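Summary of the model geometry
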Amino acid sequence: MEENMVGRGREAIEMIVDAESFQENLVGNQTVDGEFGPGAVVGTAQLNGEPVTVIANDAQAMNPRFPVVYFGVIGMEEAYKMANAVYLTMEADAEKPVEQKRPLVLIVDTPGNGPGKVEEIMGMNKATGAYQLALAEARKAGHPIVAMVIGRAISGAFLCHGLQADHILALPKECGTVIHVMPLSSISRITKMDIESLNELSQRSPVFASGVDFFYRLGGVEEIVPGPQEMRNSIAKHIGEIRTLKTQGKFDQTGPWGRGTLGAEREGRTTRKAVIEHIAAQFQPMADRYLL
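Residues numbered from 1 in each chain as written. Predicted model: local features only at pLDDT ≥ 70, side-chain atom pairs only at ≥ 80, totals over all residues. Heavy atoms only, no water.

1. Observations regarding the overall build of the protein chain
Counting secondary structure elements, the protein chain contains 12 helices and 10 strands. Since a compact globule built from 292 residues should have a radius of gyration of about 19 Å, the 19 Å found for the protein chain is in line with a globular shape. Across the 292 residues in the protein chain, those meeting the buried criterion constitute 51%. The contacts in the protein chain between residues at least 6 apart in sequence include a share of 70% that link residues at least 24 apart. About 14,100 Å² of surface is accessible on the protein chain, with carbon and sulfur atoms providing 55% of the total. (Helix = DSSP H or I, 4+ residues; strand = E, 2+ residues; numbered from the N terminus. Rg over C-alpha atoms; globule rule 2.2 N^0.38 Å. Buried < 20%, exposed > 50% of the residue type's maximum accessible area, 1.4 Å probe, protein only. Contact = heavy atoms within 4.5 Å. Areas by Shrake-Rupley, 256 points an atom, 1.4 Å probe, with all protein chains shown as cover.)

Here it is in structure tokens:
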């Protein structure tokens, strides 16, 4: 039986990075407040002797200021803390060429965002949006970003903590890994389709299904890592591949755009290309009105 890694984000850090190299709350040249966003773990480590920024969930932590933030939930403070770690990384390497930009390793194990009334009033969406934007900017600036799904990767929390990475890796379902954009019950409420029809669709369409294998077909997962002991080598390998592509200027072969191409190759996204071409053809005649 494969080792279950759900709820073990801190242990995963130690499995991945060089022994005793992780310095929590030190990112770039600055120290972050460890009491802020306790459900998020950020810091600097070495991977094969190279500095990397690590951003992870701590499923064993609870946020005393926001009681809905526990067991890996990414709350408002956690999202801002993660975003800040990304920007500190970019600041530290701002003058370095692409081939020297330090990687970011995201360790993903989150059941989603669980905002309470206070977080919604204060702007939970701004916090998660800030984290997504930070990762997108770091990716485009040349930093290799690898997300390693060790447990749950669900809903809006995965959207900000994972889906903006250059490559997404995942442990197999035997390790307790679950990738789920939205439960079928929620899809049913939104689309007004009955749950029986959605259950039937989920058996043959990866768009409606949950799980690592289905997301792999969609191109969302670059590689299914056989087990926890292989995470370190797989992450290092993908950092090298991403860096080579970015050094060559092939940014479109990484990140969300690259995953779309990969999904088409795996026959998980069969109509994506045709839809993009159709929209482009409709937009082109009126492009001058919107593009200055």
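2. Re the side chain of threonine 128
Mapped onto the elements of the fold, threonine 128 is located in helix H4 (residues 124-141). Threonine 128 sits in the buried class, given a relative accessible area of 11%. At a separation of 3.2 Å, a polar atom in the side chain of threonine 128 contacts the main-chain carbonyl oxygen of asparagine 125. Beyond its immediate sequence surroundings of up to four residues, threonine 128 is in contact with Ala79, Asn113 and Cys160. (Polar contact = N/O pair within 3.5 Å; in protein donor to acceptor, adjacent residues only side chain to side chain.)

3. Here we look at the nonpolar core
In a soluble, globular protein the nonpolar side chains are often hidden away together inside. Counting 41 residues, the largest nonpolar core has Ile55, Val86, Leu106, Tyr131, Val149, Phe158 and Ile179 as its most contacted members. When contributions to this core are tallied by element, the ones reaching two or more residues are strand S4 (40-47), helix H2 (76-92), strand S6 (104-110), H4, strand S7 (145-154), helix H5 (155-160), strand S8 (167-170) and helix H8 (212-217). With 25 residues, the next largest nonpolar core counts Val17, Ala45, Val225 and Ile239 among its residues. (Core = buried A, V, L, I, M, F, W, Y, C linked by side-chain atoms within 4.5 Å.)

4. So, the packing of aromatic side chains
Under the counting rule described, the total for this entry stands at 2 aromatic pairs. Its guanidinium or amino end placed over the ring of phenylalanine 71, arginine 152 lies 4.1 Å from that ring's centre, counting from NZ or CZ. One cation-aromatic arrangement involves arginine 272 over tryptophan 257; the distance from NZ or CZ to the ring centre is 4.8 Å. (Phe/Tyr/Trp six-rings, centres within 6.5 Å; stacked < 30°, edge-to-face > 60°. Lys NZ or Arg CZ within 6 Å of the ring centre and 35° of its normal.)

5. Some thoughts on the pattern of salt bridges
Inspection of every chain in the model, using the stated rule, returns 14 salt bridges. The salt bridge involving arginine 8 is made with glutamate 11; its shortest N-O contact spans 2.9 Å. Residues joined in a network through salt bridges with shared partners are Glu3, Arg8 and Glu11. (Salt bridge = Lys/Arg side-chain N within 4 Å of Asp/Glu carboxyl O.)

6. Quick notes on a nonpolar patch on the surface
Together, Phe283, Met286, Tyr290 and Leu291 line one region of the surface with nonpolar side chains, adding up to about 410 Å² of accessible area. Structurally, phenylalanine 283 is set in helix H11 (residues 272-283). (Patch = residues over 30% accessible without salt bridge, like charges linked within 9 Å, V, L, I, M, F, W, Y side chains within 5 Å.)

7. Notes on unusual backbone geometry
The phi dihedral of asparagine 25 is positive, around 70 degrees, even though this residue is not glycine. Locating asparagine 25 in the fold gives a position in the loop between strand S1 (23-24) and strand S2 (26-27). The residue phenylalanine 71 is not glycine, and still its phi comes out positive at about 55 degrees. Mapped onto the secondary structure, phenylalanine 71 falls in the loop between strand S5 (50-57) and H2.

8. Description of the environment of tyrosine 290
Here tyrosine 290 is to be found in helix H12 (residues 287-290). With 179 residues separating them in the primary sequence, tyrosine 290 and proline 111 have C-alpha atoms 39 Å apart.

9. A word on the environment of tryptophan 257
Residue position: tryptophan 257 is located in helix H10 (residues 255-265). By relative accessible area, tryptophan 257 is classed as partly exposed at 49%. Along the backbone, tryptophan 257 and aspartate 166 are 91 residues apart, and their C-alpha atoms lie at a distance of 9.3 Å.

10. A look at the packing of H2 against H4
Their axes nearest at 8 Å, the elements H2 and H4 cross at an angle of 20 degrees. With respect to each other, H2 and H4 are oriented roughly parallel. For the pair H2 and H4, the crossing hand works out as left-handed. Residues Met76, Ala79, Tyr80, Met82, Ala83, Val86, Tyr87 and Met90 of H2 form the contact with H4, whose participating residues are Met124, Lys126, Ala127, Thr128, Ala130, Tyr131, Leu133, Ala134, Leu135, Glu137, Ala138 and Ala141. For the contact of H2 with H4, the residue count by class is 17 nonpolar, 1 polar and 2 charged. (Axes fitted to C-alpha atoms, helices over the stretch in contact; angles between N-to-C directions. Parallel < 35°, antiparallel > 145°, perpendicular 65-115°, else oblique. Left-handed = near helix turned anticlockwise from the far one by under 90°. Nonpolar A, V, L, I, M, F, W, Y, C, P; charged D, E, K, R; others polar.)

11. Some points on the pairing of S4
Where burial is concerned, most of S4 is hidden: 7 out of the 8 residues are buried. Bridging between S1 and S4 involves 2 bridges; their strand directions are antiparallel. Bridge pairing in S4 links glutamine 23 to threonine 44. Counted between consecutive antiparallel strands, the loop separating S4 from S5 contains 2 residues, among which asparagine 48 sits at a positive phi close to 55 degrees. (Pairing = 2+ DSSP bridges.)

12. Examining helix H1 (residues 9-16)
Residues of H1 that are buried include every one of Gly9, Ala12, Ile13 and Ile16, and no others. Buried positions in H1, seen along its axis, are confined to an arc of 105 degrees and lie on one side of it. Looking at the buried side of H1, the elements it contacts are S4, S5, S6, S7 and helix H9 (231-247). (Arc of directions from axis to C-beta.)

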